[in-house]
Amino acid sequence: MNARENPLLLPRPAPGKRIFDTIVAAVLLVLVTPVLAVVAVLVVVGLGRPVLFRQCRAGLHGQPFEVVKFRTMRPPNQARGPLGDGDRLTPLGRWLRATSLDELPTLWNVLRGDMSLVGPRPLLPEYLDRYSPSQARRHEVRPGVTGLAQVRGRNSLSWEEKLDLDVRYVDTHTFRLDLSILVATVRTVLRREGINAAGSATAPEFLGTPRRPAPPQRDRTPA
């Protein structure tokens, strides 16, 4: 019997990490309440309602949850046909993403237990069937507001590089590593590093990692 068939076989998150997440998220939500209010007003003025962007993401063990962020894009315009992310992303939205202010509402996800402060970024449920068995291990821990991939290059990395770093975090995460990632995140945000992937307004869709072709079989027929 494997872990998917029996939830009791799934790894349990460290209780100390959850306590730390809850305390820090609660304190930060109180401290940034004025910032949340100002950004909400800017979004209403610049983009209209709704203020918040809500989307289903895959969380711990691949379980779905609703992530909450500030909205940064215009809604699709049916009259003009389908628009790419670059066309829908507004100057306000670009600034919110560059400063990571759009991520502040995800502290509520941390408080709820959907996410951790540090962990692999939560991705779309559609990606679950596209991961290799190794890449799928990123879901052995709660997704994070920030993570190892975010401080090692963010969206400037390829999908394979980001997912490899996610799995490395799963195998090596400690409280000390989490603290170092949080400190490095502040530096990355201030420098506005790795915001966009090359040639993309945000990040391209993950289509799966191409499998390497199997080596050719030698002809074992006796001469």
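Note that the coordinates shown come from a computational prediction; the quantities given were computed from them, not determined experimentally. (Residues numbered from 1 in each chain as written. Predicted model: local features only at pLDDT ≥ 70, side-chain atom pairs only at ≥ 80, totals over all residues. Heavy atoms only, no water.)

## Observations concerning the pairing of strand 2 (residues 64-70)
Piece 1. Burial within strand 2 is extensive, with five of its seven residues counted as buried.
Piece 2. Examined bridge by bridge, strand 1 (residues 52-58) and strand 2 share seven bridges and lie antiparallel to one another. Looking across to strand 2, one finds that F53 is bridged to K69. (Buried < 20%, exposed > 50% of the residue type's maximum accessible area, 1.4 Å probe, protein only. Helix = DSSP H or I, 4+ residues; strand = E, 2+ residues; numbered from the N terminus. Pairing = 2+ DSSP bridges.)

## Concerning the side chain of T72
Piece 1. When you line up the elements, T72 lands in the loop between strand 2 and helix 3 (85-88).
Piece 2. According to the relative accessible area criterion, T72 is buried, its value standing at 5%.
Piece 3. Only 3.0 Å separates the side chain of T72 from the side chain of R97, close enough to count as a polar contact.
Piece 4. Residues in contact with T72, not counting those within four places in the same chain, are L47, R88, L89, T90, G93, L96, R97 and D102. (Polar contact = N/O pair within 3.5 Å; in protein donor to acceptor, adjacent residues only side chain to side chain. Contact = heavy atoms within 4.5 Å.)

## A short note on helix 8 (residues 175-191)
Piece 1. With 17 residues, helix 8 should reach 24 Å at 1.5 Å per residue; the first-to-last C-alpha distance of 25 Å fits that figure.
Piece 2. Listed as buried for helix 8 are L177, D178, I181, A184, T185 and T188. The buried residues of helix 8 all sit within an arc of 130 degrees when viewed along its axis, so they share a single face. Opposite the buried face of helix 8, by more than 90 degrees, sit the exposed residues R176, V183 and L190.
Piece 3. Of the residues flanking the end of helix 8, it is R192, one or two places downstream, whose phi is positive at about 55 degrees. (Expected span 1.5 Å × (residues − 1). Arc of directions from axis to C-beta.)

## Digging into the packing of aromatic side chains
Aromatic ring pairs: the centre-centre distance and the angle between the two ring planes describe each pair.
Piece 1. Taken as a whole, this structure holds five aromatic pairs when the rule is applied.
Piece 2. Note that K162 overlies the ring of W159, its terminal NZ or CZ placed 4.1 Å from the centroid. (Phe/Tyr/Trp six-rings, centres within 6.5 Å; stacked < 30°, edge-to-face > 60°. Lys NZ or Arg CZ within 6 Å of the ring centre and 35° of its normal.)

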